[in-house]
Amino acid sequence: MLEIKNLHVDLEDEEKTILKGVDLTVETGKVHAIMGPNGSGKSTLSYVLSGRDGYEVTEGSATLDGEDILDMEPEERAAAGLFLAFQYPVEIPGVGNMTFMRTALNAQRKAKGQEEMSAADFLKLVREKAKALQIDSDMLKRPVNVGFSGGEKKRNEILQMALLEPKMCILDETDSGLDVDAMKLVADGVNALRQEGRGFLVITHYQRLLDHIKPDVVHIMANGRIVKTGGPELALEVEKNGYADLVEEVA
Ligand code: ADP
Ligand code: MG
Ligand code: MG
């Protein structure tokens, strides 16, 4: 389980506090969603959990199954079972997708003290996973993300997730560029990989994605804090009435 307690985060370069005491527990096997207005700190939360530079944790903690993740290097976080969907969104010309994914898997295995997986074994595994997710394995022969459509990038992301078998998946579906088809892909991927022993934190600005994913718990974030928590009906309430009422209610 992912446990975030009283998390306060400042920008390193500016005197600006972005997260002002986030409390959030995602139990294993559950799908939690975070919604909230633009600029409320949703992406900052996922960046901090991924270990991105530029942020300073001034107070609070984040643990995965009791292990302090904020103290870990990004690859240690992956080995501990954390997966962040935007971790590899970059285009890497000249590096084959297959090689890239095998490198990511082997980095994780190494950090866990396991042996490297051979190219042949990896090929077998990746074909199995791709087949189960109905992903065309032709994509694996191309350079990482180069010329991929939005939908292909999403498929690739879901395949990476399936390969790394994380305990906790965090998806920041940033508001732009996710059309209905891509949204459906993400939702199908999450639903296919939903299982006991794996939790999801799905961050989204729009309720539409949650039509397909059906989260167990919905949180609303505003001004650097979780201001309301409820069931899936909370997402529908937001869709109908917007954030203003909720945020005002809290203020
Ligand atoms: P959300 O994902 O909810 O839209 P963000 O986490 O992207 O919100 O941003 C929260 C606030 O922090 C915004 O006011 C944003 O402008 C600010 N912010 C985040 N990262 C930076 C940065 N690197 N430099 C300047 N401001 C930032
Ligand atoms: Mg934003
Ligand atoms: Mg964002």
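Reading guide: rules and limits
- Residues numbered from 1 in each chain as written.
- Chains lettered and ligands numbered in written order.
- Predicted model: local features only at pLDDT ≥ 70, side-chain atom pairs only at ≥ 80, totals over all residues.
- Heavy atoms only, no water.
- Helix = DSSP H or I, 4+ residues; strand = E, 2+ residues; numbered from the N terminus.
- Rg over C-alpha atoms; globule rule 2.2 N^0.38 Å.
- Buried < 20%, exposed > 50% of the residue type's maximum accessible area, 1.4 Å probe, protein only.
- Contact = heavy atoms within 4.5 Å.
- Areas by Shrake-Rupley, 256 points an atom, 1.4 Å probe, with all protein chains shown as cover.
- Lys, Arg positive; Asp, Glu negative; His and termini not counted.
- Charge placed at Lys NZ, Arg CZ, Asp CG, Glu CD.
- Pairing = 2+ DSSP bridges.
- Phe/Tyr/Trp six-rings, centres within 6.5 Å; stacked < 30°, edge-to-face > 60°.
- Lys NZ or Arg CZ within 6 Å of the ring centre and 35° of its normal.
- Near = heavy atom within 4 Å.
- Polar contact = N/O pair within 3.5 Å; in protein donor to acceptor, adjacent residues only side chain to side chain.
- Nonpolar A, V, L, I, M, F, W, Y, C, P; charged D, E, K, R; others polar.
- Axes fitted to C-alpha atoms, helices over the stretch in contact; angles between N-to-C directions.
- Salt bridge = Lys/Arg side-chain N within 4 Å of Asp/Glu carboxyl O.
- Patch = residues over 30% accessible without salt bridge, like charges linked within 9 Å, V, L, I, M, F, W, Y side chains within 5 Å.
- Expected span 1.5 Å × (residues − 1).
- Arc of directions from axis to C-beta.

Counting its secondary structure elements, the protein contains 9 helices and 12 strands. Rg of the C-alpha trace for the protein: 18 Å, near the compact-globule value of 18 Å for 251 residues, within the 12% margin. The principal-axis extent of the C-alpha atoms belonging to the protein is close to 55 × 35 × 35 Å. For the protein, with 251 residues in total, the buried portion stands at 47%. Partitioning the contacts of the protein with sequence separation of at least 6, the portion at a separation of at least 24 is 68%. Entry remark: accessible area of the protein is about 12200 Å², with carbon and sulfur atoms responsible for 46%. Seen as two clouds, the 29 positive and the 43 negative side-chain charges of the protein have centres 7 Å apart.

So, about the pairing of strand β4 (residues 55-64). In this structure, strand β1 (residues 2-11) lies alongside β4, joined through 8 bridges in antiparallel fashion. Across the sheet, residue E3 finds its bridge partner in β4, namely T63. From the end of β4 to the start of strand β5 (residues 67-68), which pair antiparallel, there are 2 residues, and D65 there has a positive phi angle of about 45°.

On to the packing of aromatic side chains, then. The final tally for this structure, using the stated rule, is 1 aromatic pair. Centre to centre, the rings of Y47 and Y55 are 6.1 Å apart; their planes meet at 35°, and the pair counts as tilted. Given a relative accessible area of 19%, Y47 falls into the buried group. Stacked on the ring of Y47, the Lys or Arg R52 has its end atom at 3.8 Å from the ring centre.

Moving on: the site of ligand 1. For ligand 1, the set of nearby residues contains 13 residues, the closest of which are I18, G39, K42, S43 and T44. One nitrogen or oxygen atom from the main chain of S40 is found 3.1 Å from an oxygen atom belonging to ligand 1. In the model, an oxygen atom of ligand 1 is placed 2.6 Å from a nitrogen or oxygen of the T44 side chain. Considering ligand 1 on its own, with 560 Å² of exposed area, one finds that the protein chains cover 62% of that surface. Classifying every residue of the shell around ligand 1 gives 4 nonpolar, 6 polar and 3 charged.

Turning next to the sheet that holds β4. The antiparallel open sheet is built from 4 strands, whose spatial order is β2-β1-β4-β5. Two strands in the sheet have a free side with no partner beyond their single neighbour: β2 (17-26) and β5. Docked against the sheet, helix α1 (residues 42-50) engages β1, β2 and β4, running at close to 105° with respect to β1.

All chains considered together, the criterion is met by 6 salt bridges. Residue K167 pairs with D65 through a salt bridge whose shortest N-O separation is 2.8 Å. Note that K167 is positioned in the loop between α5 (150-164) and β9 (168-173) and D65 in the loop between β4 and β5, a separation of 102 residues in sequence. Look at K167 and you get partly exposed, because its relative accessible area is 32%. On the basis of relative accessible area, D65 is assigned to the partly exposed category, the value being 45%. Note that R194 is salt-bridged to D216, the shortest N-O span being 3.7 Å. Residue R194 is located in the loop between α6 (180-193) and β10 (199-204), and its partner D216 is located in the loop between α7 (208-213) and β11 (217-222); the two are separated by 22 residues in the primary sequence.

Taken together, the side chains of E67, D68, D71, E73, E75 and E76 present a region of like negative charge at the surface. Note on E75: relative accessible area 48%, which makes it partly exposed.

The backbone phi angle of Q134 is positive, close to 55°, even though this residue is not glycine. Using a relative accessible area of 74% as the deciding quantity, one classes Q134 as exposed. Of note, N223 is a non-glycine position whose phi angle comes to about 50°, a positive value. Of note, N223 is situated in the loop between β11 and β12 (225-230).

The end-to-end C-alpha separation of helix α4 (residues 119-132) is 20 Å, in line with the 20 Å expected for 14 residues at 1.5 Å each. Within α4, burial applies to F122, L125, V126, K129 and A130. An end-on view of α4 places all buried positions within 130° of arc, on one side of the element. Turned more than 90 degrees away from the buried face of α4 sit A120, K124, K131 and A132, all of them exposed. Looking at the buried side of α4, the elements it contacts are α3 (97-111) and α5. Looking one or two residues beyond α4, the residue adopting positive phi is Q134, at roughly 55°.

Just geometry here; none of it tells us what the structure is for.
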